[in-house]
Amino acid sequence: MTITIAILIDLLLILFSLKYAWWYPRKDMKKTRIMMYHMISGQLESTKKSGLRVSPDMFERHLKYFKNNGWKFIKMSELQLYENDNKVVAITFDDGYLDNYTNAFPLLKKYNACATLYLVIDRHKNDWSVKKNPKHNTGVLANEEKLSDDHIKEMLDSGVFELGGHTITHPFLPNTSTDDKQYEMIECKNILETTFNSKVSSFAYPFGIYNDDDVEIVKNSSYESAVTTDEGVADLDLPFELKRIKASGKDNFFAFKLRVQKGFRGFI
Ligand SMILES: [Zn+2]
């Protein structure tokens, strides 16, 4: 009986260790952390839990953690300026969901923080997840309310947000011709800069999927940086393949802190 309990405890410890990789060394605190968020909202009752939805309460805990522990919030256009500083964090949002305005914006203001929003131009009623996987045809993404141009103007005018490019239609790049890729990546920058009269210097690969040709297109398009969805602490020597730290709606606060320190949470 005692042996069975001991084995059970060992198994739980192994599972805990694999899930959280708590022994993994902390990354240099002089390396900028680029946080990746999508929605700041509660979970939907009709679907299973989504990592893309971080609750407003949890997002506030994240901001409070950064603020209380001496982290400096920067926008992506400021990456090089603070390259060698201790504890620098860039908060990023992908796609352009309405809750970035209703839920995230007030909290960012409350904590004197800032963020970069990678905005899709044709975002309304656009179910881009189907382009990556036709089975993702639930309609949830299409029905998710997105930011209007007026919301975005207010967010930019406040000085809290800056914009980054995230293509026009959110294509699945491996299925996209070179001409269309160039149009999606370059023209989205022009449209954003013209519509919002605001400089766009950073790009996010749709679905985080990219190859060497895509990197070349971004490099040659007068962007200064590009982010991926590869998990980890960013290496600024590779400014067009920057890793980000995933903020997941499935995580508890302990997991969030591990991610900030080590760049990822664990192995399972
Ligand atoms: Zn996206």
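Scroll up a little and you will see the structure.
Residues numbered from 1 in each chain as written. Predicted model: local features only at pLDDT ≥ 70, side-chain atom pairs only at ≥ 80, totals over all residues. Heavy atoms only, no water.

Observations concerning the overall build of the protein
The test is simple: For helices the rule is a DSSP run of H or I covering at least 4 residues; for strands it is a run of E covering at least 2, with both sets numbered from the N terminus onward. We call two residues in contact when some of their heavy atoms are within 4.5 Å. The protein chains shown are the only cover counted for residues, whose accessible areas, like all others here, come from Shrake-Rupley with a 1.4 Å probe. When charges are counted, neither His nor the chain ends are considered; positive counts come from Lys and Arg and negative counts from Asp and Glu. Taken as the charge location is NZ of Lys, CZ of Arg, CG of Asp or CD of Glu.
In terms of helices and strands, the protein carries 9 helices and 10 strands. Referenced to the eigenvectors of the C-alpha coordinate spread, the extents of the protein come out at roughly 70 × 45 × 35 Å. Sequence separation of at least 24 residues holds for 67% of the intrachain contacts in the protein that already meet a minimum separation of 6. As displayed, the protein has an accessible area near 13200 Å², and 52% of this comes from carbon and sulfur atoms. Charged side chains in the protein number 36 positive and 36 negative. The centres of these two groups are separated by 8 Å.

Some words on the packing of aromatic side chains
Let me state the cut-off plainly: Aromatic pairs are defined between Phe, Tyr and Trp rings, using the six-membered ring for Trp, whenever the two ring centres lie within 6.5 Å; interplanar angles under 30 degrees are classed as stacked, those over 60 as edge-to-face, and all others as tilted. Note on exposure labels: buried denotes an accessible area under 20% of the residue type's maximum, exposed denotes more than 50%, and partly exposed covers the range between, all computed with a 1.4 Å probe on protein chains only. Placement of a charge over a ring requires the Lys NZ or Arg CZ to be within 6 Å of the ring centre, with the centre-to-atom vector within 35 degrees of the ring normal.
Considering all chains together, one arrives at 17 aromatic pairs under this definition. Here the aromatic rings of Tyr-37 and Phe-59 are separated by 5.0 Å at their centres, their planes lie at 80°, and the arrangement is edge-to-face. In this pair, Tyr-37 sits in strand S1 (residues 33–37) while Phe-59 sits in helix H2 (residues 56–68), placing the two residues 22 residues apart along the sequence. Looking at Tyr-37, the relative accessible area reads 0%, which means it is buried. Judged by its relative accessible area of 0%, Phe-59 falls in the buried class. Ring-pair connections join several aromatic residues into one group, and the members of that group are Tyr-37, Phe-59, Phe-93, Tyr-101, Phe-105 and Phe-161. Above the face of the Phe-105 ring, Lys-109 is positioned so that its terminal group lies 4.1 Å from the ring centre. Between Lys-189 and the ring centre of Tyr-223, over which it is positioned, the NZ or CZ distance is 5.7 Å.

Digging into the packing of H2 against helix H9 (residues 253–262)
The criterion, for reference: Axis lines are fitted through C-alpha atoms, for helices just across the contact stretch, and the angle between N-to-C directions can take any value from 0 to 180 degrees. What sets the label is the angle itself: under 35 degrees gives roughly parallel, over 145 gives roughly antiparallel, 65 to 115 gives roughly perpendicular, and the rest give oblique. Take the far helix as the reference: if the near one is turned anticlockwise from it by less than a right angle, the crossing is left-handed, and if turned clockwise, right-handed. Nonpolar residues are Ala, Val, Leu, Ile, Met, Phe, Trp, Tyr, Cys and Pro. Charged residues are Asp, Glu, Lys and Arg, and all others, Gly as well, are polar.
Between H2 and H9, the shortest axis-to-axis distance is 11 Å and the interhelical angle comes to 45°. It follows from the interaxial angle that H2 and H9 lie oblique. With respect to the hand of their crossing, H2 and H9 are arranged in right-handed fashion. Across the interface between the two elements, Met-58, Arg-61, His-62, Tyr-65 and Phe-66 of H2 pack against Phe-253, Phe-256, Lys-257, Val-260 and Gln-261 of H9. A breakdown of the residues in the contact of H2 with H9 according to their chemical character gives 6 nonpolar, 2 polar and 2 charged.

Details of the coordination of the zinc ion
Note the threshold: Donor atoms (N, O, S) are those found within 2.8 Å of the metal centre, with the cutoff raised to 3.2 Å for Na, K and Ca; water is not part of the atom list, so apparent gaps in a site can occur.
Within the protein, the atoms that donate to the zinc ion are Asp-95 (OD), His-166 (NE2) and His-170 (NE2), at distances of 2.1 to 2.2 Å. Sequence positions of the residues that donate to the zinc ion give the spacing D-x70-H-x3-H. Separated by 71 residues along the polypeptide, Asp-95 in strand S5 (residues 88–95) and His-166 in the loop between strand S7 (161–165) and helix H7 (178–196) bring together distant segments of the chain. Each member of the pair, Asp-95 as well as His-166, is classed as buried.

Comments concerning empty space enclosed by the protein
Formally: Using a 1 Å grid laid over the protein atoms alone, points where a 1.4 Å probe fits but cannot get out form a cavity; open sets with protein on both sides within 12 Å along at least 5 of 7 lines form a pocket; any residue with an atom within 4 Å of a point counts as lining. Grid points are joined across faces, edges and corners, and a volume is the space filled by probe spheres set on the points.
A complete count under the given rule lists 2 cavities of 30 Å³ or more for this structure. There is about 60 Å³ of room inside the largest cavity. Lining the largest cavity, in full, are Met-76, Ser-77, Leu-79, Gln-80, Ser-201, Glu-224 and Ser-225. Residue classes in the lining of the largest cavity are distributed as 2 nonpolar, 4 polar and 1 charged. Considering only enclosed or pocket space, the second largest cavity measures out at about 40 Å³ in volume.

Focus: the layout of surface pockets
Any space left empty among the atoms is revealed by the rolling of a water-sized probe across them. Considered as a void within the structure, the largest pocket measures approximately 1200 Å³ in volume. Among the elements of the structure, S5, helix H4 (129–132), helix H5 (140–143), strand S9 (225–231) and strand S10 (242–246) are those that each provide at least two residues to the lining of the largest pocket. The class makeup of the residues in the lining of the largest pocket is 12 nonpolar, 14 polar and 16 charged.

Some remarks on unusual backbone geometry
The backbone phi angle of Asn-112 is positive, close to 55°, even though this residue is not glycine. With respect to the helices and strands, Asn-112 occurs in the loop between helix H3 (99–110) and strand S6 (115–119). Since its relative accessible area comes to 63%, Asn-112 is described here as exposed. Positive phi, normally seen in glycine, also occurs at His-170, with a value near 60°. Within the element layout of this structure, His-170 appears in the loop between S7 and H7.

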